[in-house]
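Chains, contacts and geometry: an overview
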Amino acid sequence: MVSSRTQARVTDPPPPAAGSRYTVGSVARALRLLDIVAGGPLEGLTVSELARELGTSKSTAFALAHTLADVGYLRADGAGPRYQLGLALVHLGDVSANRLPLGQLCRPVLHALSARTGLTTRAAVNDAAQPMFVERVDAPGAIRFHTPLGVPELAHVSSAGKAILAALPDDEVAALVAETGLPGRTPKTITSLNELLVDLAATRRRGYAVDDEEDVEGVFCIGAAFFDHTGACAGALSATGIKRDLTARAVDELGQAVGAAADQVTEQLRGTPRRVTGTR
């Protein structure tokens, strides 16, 4: 009887054409597998699907996926299982330089948050204390917020940005404001440092930030920060909707929902929120 290992060696096609005689075919296949998963569906890919895309046997696809999952570059989800990108990709260097893995990591959380709140949800990485949005899930219904991805935005006008700023001590916020200023976007934009520091103190107490028509008139957002394995703020999630009359209790319920979603991302990043009092 031919073993699965021998069968894989007989039936697999040769490795991709190499530009150098030093290229290792198995490494090239593993990297190709990561590319396939990165471009795959939200729920991940099964071993059969990976084998078909790679052009290899299922045993080889399983061995590659299992190895990558063992070292954290993939993660196996559910029965089957289905393979998705893993946390090790996020931890390679600075998190803002790994936008695709972090966006994919947040995507299921954003879908669940959007379904729960009925709002458009977004994930931003912390790009030098500015929010850079890397993933968006549109709210159910006709209203769409066509916000750009991959572009740093002003921190003081958005809930995600203020959630990120709230993870910094006040002296660091003041230093940032001295460099960037506080340009106004609407009549409700915070344009003084003292007012911003008061707002950030409230954000720390609540656990979430509020953008009440401060970036765009008629639009409100609620955001909460998430943290990486070092305890640093890695980014924030936000939920966006059309401005309407909401009770303080309704706003707090939305804030708690966004905060719980951000905590899920923190947990997946193996992070611990860093407690910031506002002073150093």
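Residues numbered from 1 in each chain as written. Predicted model: local features only at pLDDT ≥ 70, side-chain atom pairs only at ≥ 80, totals over all residues. Heavy atoms only, no water.

**What about the side chain of D211?**
We count it as follows: A run of DSSP states H or I qualifies as a helix once it reaches four residues; a run of E qualifies as a strand once it reaches two. Both are numbered from the N-terminal end. The criterion used for residue contact is that any of the two residues' heavy atoms lie within 4.5 Å.
Note that D211 resides in strand β5 (residues 209–212). Among all residues touching D211, those that are not within four sequence positions of it are V157, S158, S159, K162, V219, F220 and C221.

**What about the environment of P187?**
Where we set the bar: Type-normalised accessible area, obtained with a 1.4 Å probe on protein chains alone, sets the label of each residue: buried when under 20%, exposed when over 50%, and partly exposed for intermediate values.
For P187, the position within the fold is in the loop between α8 (170–180) and α9 (193–206). Residue classification places P187 among the exposed positions, given a relative accessible area of 73%. As a C-alpha pair, P187 and D215 span 28 residues in sequence and 9.4 Å in three-dimensional space.

**Focus: the sheet that holds β5**
The cut-off we apply is this: One requirement defines pairing of two strands: DSSP has to find at least two bridges between them. To get an axis, fit a line to the C-alpha atoms, keeping to the stretch in contact for a helix; angles then go from 0 to 180 degrees between the N-to-C directions.
Across the sheet, five strands lie side by side as β4-β3-β7-β6-β5; this open sheet has antiparallel pairing. For this open sheet the edge positions go to β4 (130–137) and β5, each flanked by a neighbour on one side alone. Strand-to-strand twist across the sheet, computed as the mean angle between neighbouring axes with direction ignored, equals 25°. The pairing of β5 with strand β6 (residues 219–227) spans four bridges and is antiparallel. Of the residues in β6, the one forming a bridge with D212 is F220. Here helix α10 (residues 248–268) sits on the sheet and contacts β5, β6 and β7 (233–242); the angle it forms with β6, its principal contact strand, is near 30°.

**A few points about the pairing of β6**
Of all the nine residues making up β6, nine are buried; the element is thus mostly covered by neighbouring parts of the structure. Here β6 shows a buried face lined by V219, C221, G223, A225 and F227 and a second buried face lined by F220, I222, A224 and F226. Here β5 folds back onto β6, and the loop between the two strands holds six residues, one of which, E213, carries a positive phi near 60°. Here β6 runs beside β7; their pairing, made up of nine bridges, is antiparallel. If you follow G223 over to β7, its bridge partner there is S238.

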